[in-house]
Amino acid sequence: MVQGTVNWNTQLDKKWLQEYVDDWVAFYQKATEEGEVASYIPILAEANPNHLGIAIHGKNGMRICSGDVNTTFTIQSISKVISFMVACMERGVSYVLDRVDVEPTGEAFNSIMHLEMKSLNKPFNPFVNAGALTVTSMLEGKTSKEKLAPLLKLLEKIIGYRPKINQAVFKSENDTSARNRAIGYYLVETGFLESDLEVTLETYFKQCSIEVTVDDLARIGLILANDGEDPDSDEEIIPRQIARITKALMLTCGMYDASGKFATYVGIPAKSGVSGGIVAVAPPRVRNAPFPFIEGCGIGVFGPALESRGNSIAGMKLLKHIASQWDLSIF
């Protein structure tokens, strides 16, 4: 792997960037051996644990890709970013945040215990499963199809095509949903859910089963890096306030109960999913430094071998290295 400080002043062309990223991906691909693919959703256990890919999208069509970039995978918990933004766009920010908090938990994303022990008046944040189910229940519509329509529409505006739902993954999630159902029943009892439990669960499992690529995740990250605007067309896809709140939540809550360490050592907003995907956001830096993507970028990573908290182990290491080398940290 390339070592030492890089003089980006003389190496900012795409050829140099591509060679460096190829080198880094090859190096961190070895870290996949330290993790394990998710098995509690049986079909996810079929993923190749050695896969690692990355896409980086900047302004003016700048794009760097390396590794296993043509593999499709399901978005899983990264869908919580999309459902939160759609709920805020449909119902208003105040309405949503009156019903779901914005605090990190320090607990596992699918924890049940903390809900009852801490006597919450609302779920901790939209990225733990209790908060995500509550947000999904707020989406307009009486059926799963109606609730999913604006999510798919927003994704289509961002990535340029209508993504599909992987029905095999949906079935696998639905068939092994005991813990999410337990959370759901608790939310029903406490009055948090705003739609029928079965409709809420079906919608949630289907939104997690949307198929994407690392390019799609990088595109989502780029729109968020640009505060919700498409940098190519200047069209506002996501209202600025919602984009900024979403980035704050990604920074503080996006990497499960490893969010604090990720914010400290990597320093950029990110959201992971148990299929191995990570979407990361590097906003523009105001300092005039000789680094690539100084105007911001979106990063998509895929590496299905996970660490104990459910994050891509090689993906996290790769992002930490890139953030350090390119001075991407927002701090």
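See above for the structure.
Here's what I pulled together on the structure shown here.

## Brief notes about the overall build of the chain
Turning to step 1, where the next piece is worked out: Each helix and strand counted, the chain has 13 helices and seven strands in total.
Turning to step 2, where the next piece is worked out: Across the 331 residues of the chain, 59% fall into the buried class.
Turning to step 3, where the next piece is worked out: In the chain, the share of contacts with a sequence separation of at least 24, taken over all contacts with a separation of at least 6, comes to 69%.
Turning to step 4, where the next piece is worked out: Split by element, the accessible area of the chain, about 13600 Å² in all, is 49% carbon and sulfur.
Turning to step 5, where the next piece is worked out: One way to put it: in the chain the 32 positive side-chain charges average out to a point 2 Å from where the 39 negative ones average out.

## Examining the pairing of strand S1 (residues 53-58)
Turning to step 1, where the next piece is worked out: In terms of residue burial, S1 counts as a mostly covered element, since six of its six residues are buried.
Turning to step 2, where the next piece is worked out: Of the two faces of S1, both are covered, the one formed by Gly53, Ala55 and His57 as well as the one formed by Ile54, Ile56 and Gly58.
Turning to step 3, where the next piece is worked out: Of the strand pairs in this sheet, S1 and strand S2 (residues 63-67) are connected by five bridges, and their pairing is antiparallel. In the sheet register, Ile54 faces S2, and the bridge partner there is Ser66.
Turning to step 4, where the next piece is worked out: Counted between consecutive antiparallel strands, the loop separating S1 from S2 contains four residues, among which Asn60 sits at a positive phi close to 60 degrees.

## Considerations on helix H8 (residues 178-190)
Residues lying three or four places apart along an α-helix face the same way, a consequence of the helix completing one turn every 3.6 residues.
Turning to step 1, where the next piece is worked out: Look at H8: 18 Å from first C-alpha to last across 13 residues, which is about the 18 Å you get at 1.5 Å a residue.
Turning to step 2, where the next piece is worked out: Regarding H8, the residues found buried are Asn180, Arg181, Ile183, Gly184, Tyr186 and Leu187.
Turning to step 3, where the next piece is worked out: Where H8 terminates, the next one or two residues include Gly191, which has phi positive at roughly 80 degrees.

## Digging into the side chain of Glu173
Turning to step 1, where the next piece is worked out: Structurally, Glu173 is set in helix H7 (residues 167-175).
Turning to step 2, where the next piece is worked out: For the buried Glu173, no salt bridge is present, and the opposite-charge side chain at shortest range is Lys80, 9.5 Å distant.
Turning to step 3, where the next piece is worked out: Residues in contact with Glu173, not counting those within four places in the same chain, are Ile41, Gln76, Phe205, Cys208 and Ser209.

## A word on the pattern of salt bridges
Turning to step 1, where the next piece is worked out: Scanning the model with the defined rule gives 17 salt bridges in all.
Turning to step 2, where the next piece is worked out: In this structure, the salt-bridge partner of Arg181 is Glu198, at a minimum N-O distance of 2.8 Å. Residue Arg181 is located in helix H8, and its partner Glu198 is located in helix H9 (residues 197-208); the two are separated by 17 residues in the primary sequence.
Turning to step 3, where the next piece is worked out: Residue Asp227 is joined to Lys247 by a salt bridge in which the shortest nitrogen-to-oxygen separation is 2.6 Å. Of this pair, Asp227 sits in the loop between helix H10 (214-225) and helix H11 (240-253) while Lys247 sits in helix H11, and the two are 20 residues apart along the sequence.
Turning to step 4, where the next piece is worked out: For Asp227, a relative accessible area of 12% corresponds to the buried category.
Turning to step 5, where the next piece is worked out: Salt bridges sharing common partners tie together Asp227, Arg240, Arg244 and Lys247.

Rules used in this analysis
- Residues numbered from 1 in each chain as written.
- Predicted model: local features only at pLDDT ≥ 70, side-chain atom pairs only at ≥ 80, totals over all residues.
- Heavy atoms only, no water.
- Helix = DSSP H or I, 4+ residues; strand = E, 2+ residues; numbered from the N terminus.
- Buried < 20%, exposed > 50% of the residue type's maximum accessible area, 1.4 Å probe, protein only.
- Contact = heavy atoms within 4.5 Å.
- Areas by Shrake-Rupley, 256 points an atom, 1.4 Å probe, with all protein chains shown as cover.
- Lys, Arg positive; Asp, Glu negative; His and termini not counted.
- Charge placed at Lys NZ, Arg CZ, Asp CG, Glu CD.
- Pairing = 2+ DSSP bridges.
- Expected span 1.5 Å × (residues − 1).
- Salt bridge = Lys/Arg side-chain N within 4 Å of Asp/Glu carboxyl O.

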